[in-house]
Amino acid sequence: MPPDIPNFEPWELVAGLGLFLFGMTMLEQALRTLGTRSFRHLLRDYTKTPVRGVFIGIISTACLQSSSMVGLFVLAFVGAGILSMTNALGVIFGANLGTTFTGWIVATIGFKMSLTEYAMPLLALGTLGVVFLNPDYRRHSQARLLLGLGLLLMGLDFMKTSMGFLSDHISPSVFSEYPILLYVLGGVLFTALIQSSSATMMIVLSAIHAGVLPLTTAAAIVIGANLGTTSTVIIGGVKGSSDKRRVALSHFIFNLVVSAVALLLMYPLLNFITDRLDVTDPMYVLVLFHSLFNGLGILMFLPIVSPFAKWLQGRFADDDLIGCQYITKVSPTVSDAASEAIRQEVIRLYYKVTILNLRVLRIRPEELLLGFNGLEVYEQIKQAKSSYDDQYSEIKHTEQQVLQYANRVLREKSGEGVTAKVSQLVHASRDLVYGAKSLKNVRQNIVELRTQSDDEELIETLRHDTRNIYRHLLNLVEHTDPVLLEEKHVQLQEEINLSHDRLHQLMTRYDSSDAIGIPLSSLLNINRELLVSNQMLASAVRDLVMIKP
């Protein structure tokens, strides 16, 4: 250690940083358990517009103290189709401003009291609770919350004390020898390294409080930290799904533009705060500067959020247009979003089965699906030019992925509502696959009927009834109020049974198989499997409509 700084303990600074980061991790884990259910409902129900998304992003990040956690849920809900990209961008923008709340707390009370006095009781209660309480109980998470807060305060106190020793030996004028861009780059690299802009802010505030850093240097570092915090999202999005990469790109572009504007306006903004707003405390000046340039960024991006979202949609091609589109984008740990992702995936599976069965019966899907969401799925399958066997294998593979994903969701100790919903959706997916398998079993018989029989009435009746039943099913999925479900479902069952009886009469009117060109046993087999398929589809659709999004 240099002789001219006898009291400086570099390990105290490093230990303080480590305690602060560990405390943030503990706090985030506790809040994930205690507060995320309410947050998920807030995010799902109150982000109907980008402006609302901004406010929810600000509030949720200020409460949860973690923009990365907010980003995780945003990503999950975008993947599940709950949040549109446009509204999700609003939440991301707001989360940036919400992160400044930590700086305000620390600047307001963090340096005005002895933090150790408050850290000790928090650490005492937190550590004892974590050691002795059952991890399955809510009290255990509350103890982790107290422990996290205690570690945060102790880490901040260590950093504050360490910086205080430097104040007598380092003059702020030293930092004026280097260009501002160097400090911006330093803020980017340091924040990317420790993965926490809040920790960077705490160190800078500690240095300002000790009189070590001049205000302009601190402001430059904070600007860099604002950009450096995007590294977490970028790393997570590089090998992720298309939506995940779009969210990562939007986060980076937003922070890059905001940081560039903040750098260009740094001196005017600082002068405005000190001269016009008459703020003299450098810590308050810094946190106000941080809030102002993030708020300015929101005002810049909100008017263009829709075209920005549209531009993002065109940046990355969808990874697999035919495969699973929802459950691959949502973590099974986010139970509400995960259950909705399963529901959307099973609805998509229903469209795949419908399209496959129509292929067996030689009914044009584009005619039946016109005006329904399933038309998009058909266009994707058509674009892939898949064979019948490939389509059936894809249906089986989708079912397997849904089952595996659902099991992971159920292992996350979800609430009773989520558990019941997921179990019902798994049942629906099994019924859908049975609906496809039934027609696959008689596919060759149907080919024989179409190519060897001269009974056009039978063939056309089969197709006509199938069109009506499938149209009824589509209307149930997309246009039926759950209140009217039972009535509509009874009508559908009657329609299915009448079709079966009608086809049975047409099939049994011949004295011998020679008269129709195909054995009667094959005809009856077709009718039986068609009945089973229709019943399975009706059962699956009933389950899907009963589950509200």
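The rules behind the values
Residues numbered from 1 in each chain as written. Predicted model: local features only at pLDDT ≥ 70, side-chain atom pairs only at ≥ 80, totals over all residues. Heavy atoms only, no water. Core = buried A, V, L, I, M, F, W, Y, C linked by side-chain atoms within 4.5 Å. Buried < 20%, exposed > 50% of the residue type's maximum accessible area, 1.4 Å probe, protein only. Contact = heavy atoms within 4.5 Å. Helix = DSSP H or I, 4+ residues; strand = E, 2+ residues; numbered from the N terminus. Polar contact = N/O pair within 3.5 Å; in protein donor to acceptor, adjacent residues only side chain to side chain. Phe/Tyr/Trp six-rings, centres within 6.5 Å; stacked < 30°, edge-to-face > 60°. Lys NZ or Arg CZ within 6 Å of the ring centre and 35° of its normal. Patch = residues over 30% accessible without salt bridge, like charges linked within 9 Å, V, L, I, M, F, W, Y side chains within 5 Å. Areas by Shrake-Rupley, 256 points an atom, 1.4 Å probe, with all protein chains shown as cover. Salt bridge = Lys/Arg side-chain N within 4 Å of Asp/Glu carboxyl O. pLDDT = per-residue confidence, 0-100.

1. As for the nonpolar core
Note on soluble globular proteins: their nonpolar side chains tend to be buried together. Counting 72 residues, the largest nonpolar core has Ile342, Tyr350 and Leu473 as its most contacted members. If we skip the residues at most four places from it in the chain, Ile342 touches Ile327, Val402, Tyr405, Ala406, Val409, Val422 and Leu425. In terms of nonpolar packing, the next biggest core, distinct from the first, is built from 62 residues, Val78, Ile92, Val106 and Ile180 among them.

2. Remarks on the side chain of Asn294
Tracing the chain through its elements places Asn294 in helix H15 (residues 282–301). Given the relative accessible area of 0%, Asn294 is considered buried. At a separation of 3.4 Å, a polar atom in the side chain of Asn294 contacts the side chain of Asn226. Polar contacts involving the side chain of Asn294 include one to the main-chain carbonyl oxygen of His290, which spans 2.9 Å. If we skip the residues at most four places from it in the chain, Asn294 touches Asn96, Leu97, Thr100, Asn226 and Val258.

3. So, the packing of aromatic side chains
Per the stated rule, a full pass over the model turns up 8 aromatic pairs. Aromatic pair Phe93 and Phe301: ring centres 5.5 Å apart, planes at 55°, arrangement tilted. Taken together, the residues Phe93 in helix H5 (residues 85–98) and Phe301 in helix H15 connect sequence positions 208 residues apart. No difference in accessibility class separates Phe93 from Phe301, as the two residues are buried. Arranged with centres 5.4 Å apart and planes meeting at 50°, the rings of Tyr350 and Tyr351 form a pair that is tilted. Using a relative accessible area of 0% as the deciding quantity, one classes Tyr350 as buried. Judged by relative accessible area, Tyr351 falls into the buried class, the value being 5%. Aromatic rings pair up to connect Phe93, Phe254, Phe301, Phe308 and Trp311 into one cluster. Here the basic side chain of Lys440 rests over the ring of Tyr392, its NZ or CZ set 5.0 Å away from the ring centre. Over the face of the ring belonging to Tyr388 we find Arg443, whose NZ or CZ atom lies 3.9 Å from the ring centre.

4. Observations regarding a nonpolar patch on the surface
Taken together, the side chains of Val51, Phe55 and Ile59 present a nonpolar region at the surface, about 290 Å² in accessible area. Inspection of the secondary structure assignment puts Phe55 in helix H3 (residues 50–64). For Phe55, a relative accessible area of 52% corresponds to the exposed category.

5. Topic: unusual backbone geometry
Positive phi values are uncommon outside glycine, yet Asp278 reaches one of about 60°. Note on Asp278: relative accessible area 59%, which makes it exposed. Even without being glycine, Arg362 reaches a positive phi, approximately 55°. Structurally, the position occupied by Arg362 is in the loop between helix H17 (335–360) and helix H18 (365–369).

6. As for the confidence of the model for the chain
Summary statistics for the chain give a mean pLDDT of 80 and a share of 81% for residues scoring 70 or more. Under a pLDDT of 50 for its full length, residues 1–6 has, in the predicted model, 6 contacts with residues more than four places off or in other chains.

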